[in-house]
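Chain by chain, the residues run as shown.
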Amino acid sequence: MDQESATGITWDLTDLYAGPDDPRIDQDLDAALTAAQRFGRTYRGKVHTAAQPSPTLVADAVATMESILERVGRACAYADLVHAADVTPPAHGALVARTQERASLVRQEMLFFELEWLALDDDTAQRIVDDPQCHTYRHFLRRLRRYRPHVLSEPEEKIIEEKANTGGRAFARLFDEVTSSLVFEVDVAGTPQRLNESGVLALLYDRRRAVRRTAADALTRGLQANELLLGFVFNTLVHDHAVDDRLRSYRDPMDARHLANEIGAATVQALIHACEARHDLVQRYYRLKGRLLGIAPLADYDRYAPLDAEMPVISWERCREIVLAAYGAFAPRMREIAAEFFDRRWIDAQVRTGKRGGAFSSSTVPSAHPYVLVNYTGQLNDVTTVAHELGHGVHQYLSRPQGYLQADTPLTMAETASVFGEMLVFEYLLGSVDDPAARLRLLCNKIEDTIATVFRQITLTRFEQQLHHARRTRGELSREDICTLWREANAALYGDAVTLTDGYRWWWAYIPHFVHTPFYCYAYGFGELLVLALYEMYRRAGAAFVPQYLDLLAAGGSDTPENLLRRIGIDVTDPGFWELGLAPFSTMVNEAERLAMR
Ligand SMILES: [Zn+2]
């Protein structure tokens, strides 16, 4: 890999502060804390009163709170970016700690507002939300209120919060510490190696089948060696979730997640059913992949085997051209915004030691602009990553007018623009190559991405549903019970197209989402399938779709996903809607089969 392909491409953070020792950082932190204390003196006891608060007072309070949070948010975002660019200097870590501690003090000073707002009766709250004076913050105020039936009294909340550190949170941390210290012994083509979890998982992408199989066996052995502990952690946390749900009056194990995602249960059910009805597409793809690899049928450890030959390195300059051309072909405005990121140095792309791995786009604060971090090595995947993060960047850029409290979207909509950006680049590249073999490689890449983000995530969700349901109805589960549920959920996805080896039944045991954020996974499927549907709308409506799409992005998190999407003619509660996203996936599988026949 060419680590030099993005040399010198670093960001310029001076739009936020001059440097980590800029005195304005502490000035902002101090001023925010003073303002938060003043906020307390002005508004405490004024929202939840017998006299009922005026809409003007509530609107003023929220506007004040927003400006205070934005001020401290600027310092926090800056500290985080400085730290991400180079984690080594202790001063960078200290800056993160200092800004976080101060932000937490600021939030504590203003927490009473939320509690008083929740304490109001429904009629009063509704009257305020409907008042034109509160129009700007309507969604923020409504979103808070939705937690009202699930919040306990202050002393109860305090006890739950304190005991969580030695309860659920402690088990989650135990899981992290155990799984991150696991050592897997793998024989890689005659060389014995001791690898951590990401090391052993990376071997599943190896060209050599024997290496993939040995890696899979090693992962299984490592998990099985800890089966007692991992099984206990799962049982405990699934039970803890049930207790939480009972105390907070959530009926279904997924309800709390749906509330955070601002999505209805019926919508998620429709999504799950639509995906499960098209497992045949996944199975057809894996049969095709088996033929291309000369392995029939594939085993679970063959799913990530690479199909493409080594690709030439793509320079940073070329990446810029590809992304801008792909964005520009969709909308000149998208190209303009993305070009600002490149031209005004809002991107850090260079690979260097001390820099955080992976990629992200930070929205920072609406009074500034987003920044993007990638680790660019010149692979095709890196170009896709740049397109993905710039999608987030454009979304965050356009939604700034919604303000600090309402610019960001819930998880369900958070990946819309990023996956759409990937789709634009995919279509652009597909349109620029004629060679059938190259087209087939691009298609297979995209199909495998979609399987991973849609079908696999829905399968994980189905397993999780069964797991929580079984624990609630049958009591503590044996490890074999959990293995069986995992195996059944996966067998439904892969059918006879992929042989699940005996060891695969243990592979539930390392997935962190199950432990840290129950039912997180379906949001990935929601996001990806939504984008396939949006892209299909674009294909049908052409240029007429563009302004609708840009409006959707500009709306940020100012309403629920269901309402925002309804404005552009999409009803996600209609089970038929998801077919619109599955249709282009079906076309891709057909096309891959056709190209492979040649
Ligand atoms: Zn993303």
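See above for the structure.
About the cut-offs
Residues numbered from 1 in each chain as written. Predicted model: local features only at pLDDT ≥ 70, side-chain atom pairs only at ≥ 80, totals over all residues. Heavy atoms only, no water. Helix = DSSP H or I, 4+ residues; strand = E, 2+ residues; numbered from the N terminus. Buried < 20%, exposed > 50% of the residue type's maximum accessible area, 1.4 Å probe, protein only. Contact = heavy atoms within 4.5 Å. Areas by Shrake-Rupley, 256 points an atom, 1.4 Å probe, with all protein chains shown as cover. Lys, Arg positive; Asp, Glu negative; His and termini not counted. Charge placed at Lys NZ, Arg CZ, Asp CG, Glu CD. Pairing = 2+ DSSP bridges. Axes fitted to C-alpha atoms, helices over the stretch in contact; angles between N-to-C directions. Salt bridge = Lys/Arg side-chain N within 4 Å of Asp/Glu carboxyl O. Donors = N, O, S within 2.8 Å, 3.2 Å for Na, K, Ca; no water. Tetrahedral: all angles 85-135°; square planar, octahedral: opposite > 155°, others 65-115°. Phe/Tyr/Trp six-rings, centres within 6.5 Å; stacked < 30°, edge-to-face > 60°. Parallel < 35°, antiparallel > 145°, perpendicular 65-115°, else oblique. Left-handed = near helix turned anticlockwise from the far one by under 90°. Nonpolar A, V, L, I, M, F, W, Y, C, P; charged D, E, K, R; others polar. Arc of directions from axis to C-beta.

K.L.:
Help me understand the overall build of the protein, please; the structure alone is not making it clear to me.
P.N.:
When you go through the protein residue by residue, the secondary structure sums to 25 helices and 7 strands. In terms of principal-axis extent, the alpha carbons of the protein reach across some 75 × 60 × 50 Å. Going through the 598 residues of the protein one by one, you find that 52% of them count as buried. Taking the intrachain contacts of the protein between residues at least 6 apart in sequence as the baseline, contacts between residues at least 24 apart amount to 77%. In the form shown here, the protein has an accessible surface area of approximately 25900 Å², with 52% of it arising from carbon and sulfur atoms. Of the side chains in the protein, 65 bear a positive and 81 a negative charge, and the two mean positions are spaced by 1 Å.

K.L.:
What's the story with the sheet that holds strand S4 (residues 347-348) in this structure? I'm lost.
P.N.:
Hydrogen bonds between backbone atoms are what pair the strands of a sheet, whose relative direction is either parallel or antiparallel. Strand order across the open sheet formed by 3 strands is S4-S6-S5, with mixed pairing between neighbours. Edge positions in the sheet fall to S4 and strand S5 (360-362), since each of these pairs with one other strand and no more. Relative to strand S6 (residues 371-373), S5 runs antiparallel, the two sharing 3 bridges. Bridging from a neighbouring strand, Phe360 pairs with Leu373 of S6. Helix H16 (residues 380-398) rests against S4, S5 and S6 of the sheet, and its axis sits at about 15° to S5.

K.L.:
Would you take a moment to explain the pattern of salt bridges for this structure?
P.N.:
Under the definition given, this model contains 35 salt bridges. The residue Asp245 makes a salt bridge to Arg472 at a minimum N-O spacing of 2.7 Å. With Asp245 in helix H10 (residues 227-247) and Arg472 in helix H19 (residues 436-474), the pair connects residues that are 227 residues apart, well separated along the chain. Arg472 sits in the partly exposed class, given a relative accessible area of 32%. Between Arg320 and Asp343 there is a salt bridge, with its nearest N and O atoms 2.6 Å apart. Of the two residues, Arg320 is situated in helix H14 (residues 316-330) and Asp343 in helix H15 (residues 332-343); the sequence distance between them amounts to 23 residues. What emerges from the salt-bridge pattern is a single network uniting Glu427, Glu536, Arg539 and Arg540.

K.L.:
Just checking my understanding: could you explain the coordination of the zinc ion for this structure?
P.N.:
For a metal bound by four donors in a tetrahedral arrangement, the ideal donor-metal-donor angle is 109.5 degrees, while six donors in an octahedral arrangement ideally sit at 90 or 180 degrees. Around the zinc ion, the protein supplies His388 (NE2), His392 (NE2), Glu415 (OE) and Glu415 (OE) as donor atoms, at distances of 2.1 to 2.7 Å. Here the zinc ion is ringed by 4 donor atoms whose angles at the metal span 51 to 139°, and the overall shape comes out irregular. The sequence pattern formed by the donor residues of the zinc ion is H-x3-H-x22-E. You can see His392 sitting in helix H16 and its partner Glu415 sitting in the loop between helix H17 (411-414) and helix H18 (416-432), a full 23 residues away along the chain. Using a relative accessible area of 12% as the deciding quantity, one classes His392 as buried. According to the relative accessible area criterion, Glu415 is partly exposed, its value standing at 25%.

K.L.:
What should I look at first to understand the packing of aromatic side chains in this one?
P.N.:
In total, this model carries 36 aromatic pairs according to the counting rule given. When the centroid spacing of 5.2 Å and the interplanar angle of 50° are considered together, the rings of Tyr504 and Trp507 count as tilted. Summarising the burial analysis for this pair, Tyr504 and Trp507 share the class buried. Taken together, the aromatic side chains of Phe175, Phe234, Phe463, Trp486, Tyr504, Trp506, Trp507, Trp508 and Phe514 make up a single cluster linked through ring pairs.

K.L.:
When you look at the environment of Thr99 in this model, what are you seeing that I'm missing?
P.N.:
Turning to its location among the elements, Thr99 is positioned in helix H3 (residues 90-119). For the pair Thr99 and Asp302, spaced 203 residues apart in sequence, the C-alpha separation works out to 46 Å.

K.L.:
Explain the packing of helix H7 (residues 168-181) against H10 here, please?
P.N.:
When two helices pack together, their arrangement is given by the angle between their axes and by how far apart the axes lie. Axis separation between H7 and H10 bottoms out at 10 Å; the angle between their running directions is 150°. With respect to their mutual orientation, H7 and H10 come out roughly antiparallel. The two elements H7 and H10 cross, and the hand of that crossing is left-handed. Contact residues: H7 offers Gly168, Phe171, Ala172, Leu174, Phe175, Val178 and Thr179, while H10 offers Leu229, Leu230, Phe232, Val233, Phe234, Thr236, Leu237 and Asp240. Tallied by class, the residues present in the contact of H7 with H10 amount to 11 nonpolar, 3 polar and 1 charged.

K.L.:
When you look at the pairing of strand S1 (residues 184-188) in this model, what are you seeing that I'm missing?
P.N.:
Residues Phe184, Val186 and Val188 of S1 are buried on one face, while the alternating residues Glu185 and Asp187, pointing to the opposite face, are not. Direction of pairing for S1 relative to strand S2 (residues 191-195): antiparallel, over a ladder of 5 bridges. Following the sheet pairing, Val188 is matched in S2 by Thr191.

K.L.:
Could you clarify how one ought to interpret helix H23 (residues 545-554) in this entry?
P.N.:
One turn of the α-helix equals 3.6 residues, which is why residues spaced by three or four share an orientation. Among all positions of H23, only Phe545, Val546, Tyr549, Leu550, Leu552 and Leu553 are buried. Viewed end-on, H23 has its buried residues packed into an arc of 155°, placing them on one side of the element. Backbone geometry just after H23 places Gly556 at a positive phi near 50°.

K.L.:
Is there a simple way to think about unusual backbone geometry in this case?
P.N.:
Negative phi values dominate among residues other than glycine, just as trans dominates among peptide bonds. A cis amide bond links Ala296 to the next residue, Pro297, at an omega of -10°. By the element assignment, Pro297 lies in the loop between helix H13 (279-293) and strand S3 (298-299). A positive phi angle, near 45°, is found at Ala189, a position not held by glycine. Tracing the backbone through its elements, the reader meets Ala189 in the loop between S1 and S2. Here the phi dihedral of Phe519 falls at roughly 65°; this positive angle occurs in a residue that is not glycine. Residue position: Phe519 is located in the loop between helix H21 (512-516) and helix H22 (522-541).

K.L.:
Looking at this structure, I do not really get the packing of H14 against H16. What am I missing?
P.N.:
Their axes nearest at 10 Å, the elements H14 and H16 cross at an angle of 50°. Comparing the axis directions of H14 and H16 gives the class oblique. Note on packing geometry: the crossing formed by H14 with H16 is right-handed. In contact with Trp316, Cys319, Ile322, Val323 and Tyr327 of H14, H16 contributes Val383, Val386, Ala387, Leu390, Gly391 and Val394. Tallied by class, the residues present in the contact of H14 with H16 amount to 10 nonpolar, 1 polar and no charged.

K.L.:
Even after reading the chapter, I still don't get the side chain of Thr560, so can you show me in this structure?
P.N.:
Relative to the helices and strands, Thr560 resides in the loop between H23 and helix H24 (561-567). Thr560 sits in the buried class, given a relative accessible area of 17%. Beyond its immediate stretch of four places on either side in the chain, Thr560 contacts His139 and Glu262.

K.L.:
What exactly am I supposed to notice about the environment of Tyr524 here?
P.N.:
Among the secondary structure elements, Tyr524 is positioned in helix H22. In this structure Tyr524 comes out as partly exposed when scored by relative accessible area, which is 29%. Through-space distance from the C-alpha of Tyr524 to that of Arg278 is 17 Å; in sequence the pair is 246 residues apart. Residues within four places of Tyr524 in sequence aside, it is in contact with Thr453, Gln457 and His513.

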